[in-house]
2 protein chains.
Amino acid sequence: MKTQRIAGVLSPVVTPFKADLSPDPERFVRQCRWLLSQNVGLAVFGTNSEANSLSTDEKIELLDRLVGAGLDPARMMPGTGCCALSDSVRLTAHAVKQGCGGVLMLPPFYYKGVSDDGLFRNFAEIIERVGEAGLRIYLYHIPPVSQVPITLALIERLLEAYPGTVAGVKDSSGDWNNTKAMLDQFGKSGFDVFPGAETFLLAGMRHGGAGCISATANVNPAAIAHLYDTWQAADADAQQKRLDEIRGTFAKYPMIPALKAAAAHWSGIAEWATVRPPLVALTRDQAASLVADPTQRGFDMPGLRG
Amino acid sequence: MKTQRIAGVLSPVVTPFKADLSPDPERFVRQCRWLLSQNVGLAVFGTNSEANSLSTDEKIELLDRLVGAGLDPARMMPGTGCCALSDSVRLTAHAVKQGCGGVLMLPPFYYKGVSDDGLFRNFAEIIERVGEAGLRIYLYHIPPVSQVPITLALIERLLEAYPGTVAGVKDSSGDWNNTKAMLDQFGKSGFDVFPGAETFLLAGMRHGGAGCISATANVNPAAIAHLYDTWQAADADAQQKRLDEIRGTFAKYPMIPALKAAAAHWSGIAEWATVRPPLVALTRDQAASLVADPTQRGFDMPGLRG
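Trainee: How do you make sense of unusual backbone geometry when you look at a structure like this?
Mentor: Only a minority of non-glycine residues have a phi that is not negative, and only a minority of peptide bonds are not trans. Residues and elements named next belong to chain A. A cis amide bond, omega 20°, links Pro277 with the succeeding residue Pro278. When you line up the elements, Pro278 lands in the loop between helix H11 (255-267) and helix H12 (284-292). Phi at Gln147 takes a positive value of approximately 65°, unusual for a residue other than glycine. Relative to the helices and strands, Gln147 resides in the loop between helix H5 (143-146) and helix H6 (152-161).

Trainee: What is the right way to look at the sheet that holds strand S4 (residues 137-141) of chain A in this model?
Mentor: Residue and element names in this part refer to chain A. One open sheet holds the four strands; their spatial order is S3-S4-S5-S6, and the pairing between them is parallel. This sheet does not close on itself; its edge strands, each paired only once, are strand S3 (103-105) and strand S6 (192-195). Across the sheet, the axes of successive neighbouring strands diverge by a mean angle of 25°, strand direction being ignored.

Trainee: For this particular structure, what's the right way to read the environment of B:Phe45?
Mentor: All names here are of chain B. Here Phe45 shows up in the loop between strand S2 (41-42) and helix H2 (56-68). Residues Phe45 and Met182, spaced 137 residues apart in sequence, show a C-alpha to C-alpha distance of 23 Å. Look past the residues within four positions of Phe45 in its chain and what remains in contact with it is Phe28, Ala51, Leu54, Lys59, Leu62, Leu63, Pro78 and Gly79.

Trainee: Any chance you could explain the packing of helix H11 (residues 255-267) of chain B against helix H12 (residues 284-292) of chain B here in plain terms?
Mentor: Axis angle and axis distance: for two packed helices, these are the angle between their axes and the distance between the axes, and together they describe the pair. Residues and elements named next belong to chain B. Between H11 and H12, whose axes approach to 10 Å, the crossing angle comes to 75°. Between H11 and H12, the crossing angle belongs to the class labelled roughly perpendicular. Counted together, Ala258, Ala261, Ala262, His265 and Trp266 of H11 and Ala287, Leu290 and Val291 of H12 form the full contact between these two elements. Class assignment of the residues belonging to the contact of H11 with H12 gives a composition of seven nonpolar, one polar and no charged.

Trainee: Help me understand helix H3 (residues 85-97) of chain B in this model?
Mentor: Residues that lie three or four places apart on an α-helix share one face, since the helix turns once every 3.6 residues. Residue and element names in this part refer to chain B. Here H3 contains 13 residues, and its C-alpha end-to-end distance of 18 Å stays within 8% of the 18 Å for a straight helix at 1.5 Å per residue. Within H3, the full set of buried residues consists of Leu85, Asp87, Ser88, Val89, Leu91, Thr92, His94, Ala95 and Val96. In this structure, the buried side of H3 is in contact with H2, strand S3 (103-105) and helix H4 (116-130).

Trainee: Which parts of the structure should I look at to understand the sheet that holds S2(B)?
Mentor: Either a parallel or an antiparallel arrangement is found when strands of a sheet pair, and the pairing is made through backbone hydrogen bonds. Residue and element names in this part refer to chain B. Strand order in the open sheet formed by three strands is S2-S1-S7, and the pairing between neighbours is parallel. Each of the sheet's edge strands pairs with one partner strand only, and the pair in question is S2 and strand S7 (211-213). Where strand S1 (residues 8-11) and S7 come together, three bridges link them in parallel fashion. If you follow Val9 over to S7, its bridge partner there is Cys212. On the sheet, helix H9 (residues 221-229) packs against S1 and S7 and is oriented at approximately 155° with respect to S1.

Trainee: Any chance you could explain the relation of the copies chain A and chain B here in plain terms?
Mentor: Taken together, a rotation about one axis and a shift along it account for how the two chain copies relate. Overlaying chain A with chain B gives an RMSD of 0.0 Å, the required rotation being 180° about an axis along which the chain moves by 0.0 Å. Those values place the two copies in the arrangement expected of a two-fold rotation axis. Among all residues of chain A, the minimum C-alpha distance to the rotation axis is found for A:Tyr110, at 4.0 Å. Both copies contact each other with a shared surface, as 98% of the interface residues of chain A are interface residues in chain B too.

Trainee: I keep staring at the nonpolar core and nothing clicks. Help me out?
Mentor: A general trend in soluble globular proteins is that nonpolar side chains are found buried together. Residues A:Phe250 and B:Phe250 are the most contacted members of the largest nonpolar core, which totals 211 residues. When neighbours within four sequence positions are excluded, A:Phe250 is seen to be in contact with A:Thr216, A:Val219, A:Met255, A:Ala258, A:Leu259, A:Ala262, A:Leu290, A:Gln296 and A:Phe299.

Trainee: Help me understand the packing of helix H2 (residues 56-68) of chain A against helix H3 (residues 85-97) of chain A in this model?
Mentor: Residues and elements named next belong to chain A. Interaxial distance between H2 and H3 falls to 11 Å at its minimum, and their mutual angle equals 5°. With respect to each other, H2 and H3 are oriented roughly parallel. Note on element contacts: H3 touches H2 through Asp87, Arg90, Leu91, His94 and Ala95, opposite Thr56, Asp57, Lys59, Ile60, Leu63 and Asp64. Grouping the amino acids of the contact of H2 with H3 by side-chain chemistry returns four nonpolar, two polar and five charged.

Trainee: Would you mind going over the interface of chain A and chain B with me for this structure?
Mentor: Often, the extent of an interface is quoted as the loss of accessible area on bringing the components together. Each partner contributes to the interface: chain A provides 44 residues, whereas chain B provides 44 residues. In total, about 3400 Å² of surface goes out of reach between chain A and chain B, with carbon and sulfur atoms giving 61% of it. Ranking the residues of chain A by area buried against chain B places A:Tyr110, A:Tyr111 and A:Pro278 at the top, with a combined share of 24%. The tally of links between chain A and chain B comes to zero salt bridges. Our count for the contact surface shared by chain A and chain B stands at 20 residue pairs in polar contact (both at pLDDT 80 or more). For the side of chain A that touches chain B, the elements supplying multiple residues, two or more each, are H3, helix H4 (116-130) and H5 of chain A. If you tally residues by element for the side of chain A that touches chain B, the top one is H4(A), at seven residues.

Trainee: I tried to follow the environment of B:Pro221 on my own but got confused; where do I start?
Mentor: All names here are of chain B. Structurally, Pro221 is set in helix H9. On the accessibility criterion, Pro221 (3% relative accessible area) is buried. Sequence separation between Pro221 and Trp34 is 187 residues; the distance between their C-alpha atoms is 9.4 Å. Excluding residues that lie within four positions of it along the chain, Pro221 makes contacts with Trp34, Leu35, Gln38, Val40 and Thr216.

Trainee: Explanation requested: the side chain of B:Thr92 in the structure shown.
Mentor: All names here are of chain B. Within the fold, Thr92 resides in helix H3. With relative accessibility at 0%, the residue Thr92 sits in the buried group. Reaching out from Thr92, the side chain makes a polar contact with the backbone oxygen of Ser88 at a distance of 2.6 Å. In this structure Thr92 touches Thr80, Val103, Met105, Ile126, Val130 and Leu135, once residues within four positions along its chain are discounted.

Trainee: Could you clarify how one ought to interpret H11(A) in this entry?
Mentor: All names here are of chain A. With 13 residues, H11 should reach 18 Å at 1.5 Å per residue; the first-to-last C-alpha distance of 18 Å fits that figure. With twelve of 13 residues buried, H11 lies mostly within the body of the structure. When H11 is considered as a whole, its buried residues turn out to be Met255, Ile256, Pro257, Ala258, Leu259, Lys260, Ala261, Ala262, Ala263, Ala264, Trp266 and Ser267. Looking at the buried residues of H11, the elements they touch are helix H10 (236-250) and H12. Of the residues flanking the end of H11, it is Gly268, one or two places downstream, whose phi is positive at about 75°.

Trainee: Explanation requested: empty space enclosed by the protein in the structure shown.
Mentor: The gaps left among the atoms become clear once a water-sized probe is rolled over them. Under the counting rule described, the total for this entry stands at three cavities of 30 Å³ or more. Considering only enclosed or pocket space, the largest cavity measures out at about 240 Å³ in volume. If you go around the largest cavity, you meet 19 residues; those closest to its centre are A:Cys83, A:Asp87, B:Cys82, B:Cys83 and B:Asp87. If you list the elements that add at least two residues to the lining of the largest cavity, you get H2 of chain A together with H2 of chain B. Of the residues in the lining of the largest cavity, the class split is ten nonpolar, five polar and four charged. The wall of the second largest cavity is formed by 15 residues, among which B:Phe45, B:Ala51, B:Gly79, B:Gly81 and B:Leu106 lie closest to the centre. Partitioned by chemical class, the residues of the lining of the second largest cavity number eight nonpolar, six polar and one charged.

Calculation criteria
Residues numbered from 1 in each chain as written. Chains lettered and ligands numbered in written order. Predicted model: local features only at pLDDT ≥ 70, side-chain atom pairs only at ≥ 80, totals over all residues. Heavy atoms only, no water. Helix = DSSP H or I, 4+ residues; strand = E, 2+ residues; numbered from the N terminus. Pairing = 2+ DSSP bridges. Axes fitted to C-alpha atoms, helices over the stretch in contact; angles between N-to-C directions. Contact = heavy atoms within 4.5 Å. Parallel < 35°, antiparallel > 145°, perpendicular 65-115°, else oblique. Nonpolar A, V, L, I, M, F, W, Y, C, P; charged D, E, K, R; others polar. Expected span 1.5 Å × (residues − 1). Buried < 20%, exposed > 50% of the residue type's maximum accessible area, 1.4 Å probe, protein only. Least-squares fit on C-alpha atoms with pLDDT ≥ 70 in both. Core = buried A, V, L, I, M, F, W, Y, C linked by side-chain atoms within 4.5 Å. Buried area = accessible area lost by both parts, 1.4 Å probe. Salt bridge = Lys/Arg side-chain N within 4 Å of Asp/Glu carboxyl O. Polar contact = N/O pair within 3.5 Å; in protein donor to acceptor, adjacent residues only side chain to side chain. 1 Å grid on protein atoms, 1.4 Å probe; cavity = no way out; pocket = protein on both sides within 12 Å on 5 of 7 lines; lining within 4 Å. Points joined across faces, edges and corners; volume = space filled by probe spheres on them.

Structural data, given as structure tokens:
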């Protein structure tokens, strides 16, 4: 892995499926190349990527296609945290081997009410079994979905045991107080905090944040990356307000189908709307309302075409 | 698959791990053979099997070992419902190929608040992709853990679309009213309802239930199977009371580590206590209290030794 730390805006890249629900590696590579060209990094296999609707083999195949297509692995932070320790180890080791800049790691999320001891042991086993000094783990705190939180006490314990390897967190709690607590408590220990939405991009940067990892970076990458680059500029608050409005439009719908409906519309490729069950695509009316929203004026996703 | 329907008491067989956390196929085969000898069927890869801490490859390997060892696949109902459609299809197809009497199917459990439409589509895709007339699916309703329920409306829709294939349910809601509603609504349509604990074995049998699938059948198989066989006998209520007391002792502890602590004690094989993270084994004191409980008097698990 590269010694340069990942920072800035990353997209949990939506995974394109063909009509038969198999992943479409060509469209995936095209989407990722376009995002990189917009100065957005690749948090592939995140929640919005439907990563947990993909098998480990499918994830490995897609990651290999990205690297094989010449995309820079140092800009990649694939999600490698699975329910099964054996899957997490296999996927994480593969990401390291491919030179990924880091990995984003969910806790095992089937059992509820598990202890910090058990979660510590999960991450410790992965780190020790992968056994690579270059491994950089970003913990993935998304309690509304995983229902298994990454507590401040757990982070403290992991940082003490594996400094350097435990490199940061994606905080998708949606709770600024939690993000701020992570920044205050660990921001000075070389622990990078990425809010899980651009909603807290500016607030995060003003408190020492590392950028953000956001669903809407799939569809609005340049503007989000621009705020990251210019967060100290006079118009930063105005930029944040505009980003919030655009995100607000998507948030009126189930997020993943909405992102894919936008991708289908702006690319002209209807297949982009396909989601794997248990998700359901937007209805025709929903998709039409979404792309007709005034906040979508000026949108384009030229990199998705072709 | 056999045309004979699975009925009676099944155990979500605990999965033995070696000290290095890899599954121990020899001990697994031995445990399964003993359970069959106690008249208990094999719901391998259930919640209490730590199935979601195993990769798909590991589950396929363990199932193959059971069948290869000559255990009757008609008595097996492996858990094959995964988060990823591709995993569910692969594992279900393999179970059918091996001649399993049925499969126990969790809904995809990462995304929360998904619609019945999305869940219907998940099960429908699995059924159609597997494409085997002999497939028998038992839906797995365990909202306290999966957080994704199998509603009565979803069952109705699946039964209408796939009669015969959708063969029943394991209801681990812990809510007798829900189990009774399933029995009342679907019991006469050739849909077999298995309460998810022996707690409701007798009540279930009195309302047309098919048996039960219970964690404690791992450690107390003969007595639970005996109540199933003799539920119309005069001492049925007394038997139920005794089963409840024994289960009550295990329920004082985290269930899976407690089952494994008992297996370690009664087999004399300390490695039996091993769980994969995020679970944590009982402490030495907890394990000692568990096996010293008066309800454990007369316990033995001779089939685990050797």
